[in-house]
Amino acid sequence: MTMTVNETANPTALLTATALTELVVSVYRETLGVADLDEQSDFYEWGGDSLTAFRITARLEEALGAEVPVALVFAYPSPADLADVVHADFVQA
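What follows is about the nonpolar core. Core analysis: the biggest nonpolar cluster contains 22 residues, and Tyr 28, Leu 60, Leu 82 and Val 86 have the highest contact counts within it. Of all the elements in the fold, those that place two or more residues in this core are α1 (17-32), α2 (50-64), α3 (71-75) and α4 (79-92). Every residue in contact with Tyr 28, bar those within four places of it in the chain, is listed here: Gly 33, Leu 37, Phe 43, Ile 56, Val 73, Tyr 76, Pro 77, Ser 78, Pro 79 and Leu 82.

Written out as structure tokens, the structure reads:
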């Protein structure tokens with residue numbers, strides 16, 4: 001069974017916002033192949049496309065143990081924005 005971001009049975013709810021942002025930046029760097037990408041970098045400006053978005057969410061889901069909808073990457077294209085929304089979902093769950 002895949003958990004959603006809103007399920008609190010996941011220990012990721014205890015992950016700090018800073019740690020989550022660092023994780024998302026790392027996943028963006030690895031997936032987009034851009035070592036100097038930072039938390040304000042834009043997914044689209046660095047060549048992100050739908051396949052890349054699916055790769056990002058798959059890596060995040062593996063790391064977090066929870067579902068991260070691919071639509072979030074498109075709606076929140078910077079690592080900081082994506083981390084903020086994912087963290088808010090975990091904390092509010």
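Still more ground to cover, so stick around.
On to α2, then. Between its first and last C-alpha atoms α2 spans 21 Å; for 15 residues at 1.5 Å apiece the expected length is 21 Å, and the two agree. Listed in full, the buried residues belonging to α2 are Thr 52, Ala 53, Ile 56, Thr 57, Leu 60 and Leu 64. Mapping the buried residues of α2 onto a view down its axis gives an arc of 135 degrees, with all of them on the same face. Its side-chain oxygen at 3.2 Å from the backbone nitrogen of Leu 51, Asp 49 defines the N-terminal cap of α2.

With that settled, consider the side chain of Ser 41. Summarising the element assignment, Ser 41 is placed in the loop between α1 and α2. Here Asp 38 takes part through its backbone nitrogen, which lies 2.9 Å from a polar atom of the side chain of Ser 41. When residues no more than four places from it in sequence are discounted, the contact partners of Ser 41 are Trp 46, Pro 77, Ser 78 and Pro 79.

Direction vectors running N to C along α1 and α2 enclose 140 degrees, while the axes themselves pass 10 Å from each other. With respect to each other, α1 and α2 are oriented oblique. Crossing of α1 against α2: the hand is right-handed. From α1, Leu 20, Leu 23, Val 24, Val 27, Tyr 28, Glu 30, Thr 31 and Leu 32 reach across to α2, where they touch Thr 52, Arg 55, Ile 56, Arg 59, Leu 60, Ala 63 and Leu 64. Of the residues contributing to the contact of α1 with α2, the split by class is 10 nonpolar, two polar and three charged.

Going through the model one piece at a time under the given rule, you end up with one salt bridge. Taking the shortest distance from any N to any O, the salt bridge between Arg 59 and Glu 30 comes out at 3.0 Å. Here Arg 59 is found in helix α2, whereas its partner Glu 30 is found in helix α1, with 29 residues between them in sequence.

The next subject is the environment of Ala 80. Turning to its location among the elements, Ala 80 is positioned in helix α4. Between the alpha carbons of Ala 80 and Val 24 there is a distance of 7.7 Å; along the sequence they are 56 residues apart. Dropping the residues within four chain positions of it, Ala 80 is found in contact with Thr 21, Glu 39 and Gln 40.

Turning our attention to the side chain of Thr 31. Along the polypeptide, Thr 31 turns up in helix α1. Within the structure, Thr 31 has its side chain in polar contact with the backbone oxygen of Val 27 (distance 2.8 Å). Apart from the residues within four sequence positions on either side, Thr 31 is in contact with Thr 52, Arg 55, Ile 56 and Arg 59.

Rules used in this analysis
The numbering scheme is per chain: residues are counted from 1 as the chain's sequence reads. With the structure being a predicted model, the display of local features is reserved for residues of pLDDT at least 70 and the display and counting of side-chain atom pairs for 80 or more, all residues being used for whole-chain, interface and lining totals. The basis for the side-chain values is all heavy atoms of the structure; hydrogens and waters are excluded. Remark: nonpolar core denotes a set of buried residues (Ala, Val, Leu, Ile, Met, Phe, Trp, Tyr, Cys) joined through side-chain atoms within 4.5 Å. The buried label applies to any residue whose accessible area, calculated with a 1.4 Å probe on protein chains only, is under 20% of its type's maximum; exposed applies above 50%, and partly exposed to all values in between. Where helices and strands are cited, they refer to DSSP runs of H or I of at least four residues and of E of at least two residues respectively, numbered from the N terminus. Any two residues having at least one pair of non-hydrogen atoms within 4.5 Å are treated as being in contact. Helices are assigned an expected span. That span is 1.5 Å times one less than the residue count. Note that the arc is computed from the directions linking the helix axis to the C-beta atoms. Two N or O atoms count as a polar contact when they lie within 3.5 Å, although within protein this holds only if one can serve as hydrogen donor and the other as acceptor, and sequence-adjacent residues are included solely when both atoms are side-chain atoms. In this analysis an axis means a line fitted to C-alpha atoms, helices contributing only their contacting stretch, and an angle means the value between N-to-C directions, from 0 to 180 degrees. Roughly parallel here means an angle under 35 degrees, roughly antiparallel means over 145, roughly perpendicular means 65 to 115, and every remaining angle is called oblique. Each crossing is labelled by how the near helix is turned from the far one, with a counterclockwise turn of less than a right angle marking it left-handed and a clockwise turn marking it right-handed. Under the scheme applied here, ten amino acids are nonpolar (Ala, Val, Leu, Ile, Met, Phe, Trp, Tyr, Cys and Pro), four are charged (Asp, Glu, Lys and Arg), and all others, including Gly, are polar. Salt bridge, as used here: a side-chain nitrogen of Lys or Arg that lies within 4 Å of a carboxyl oxygen of Asp or Glu.

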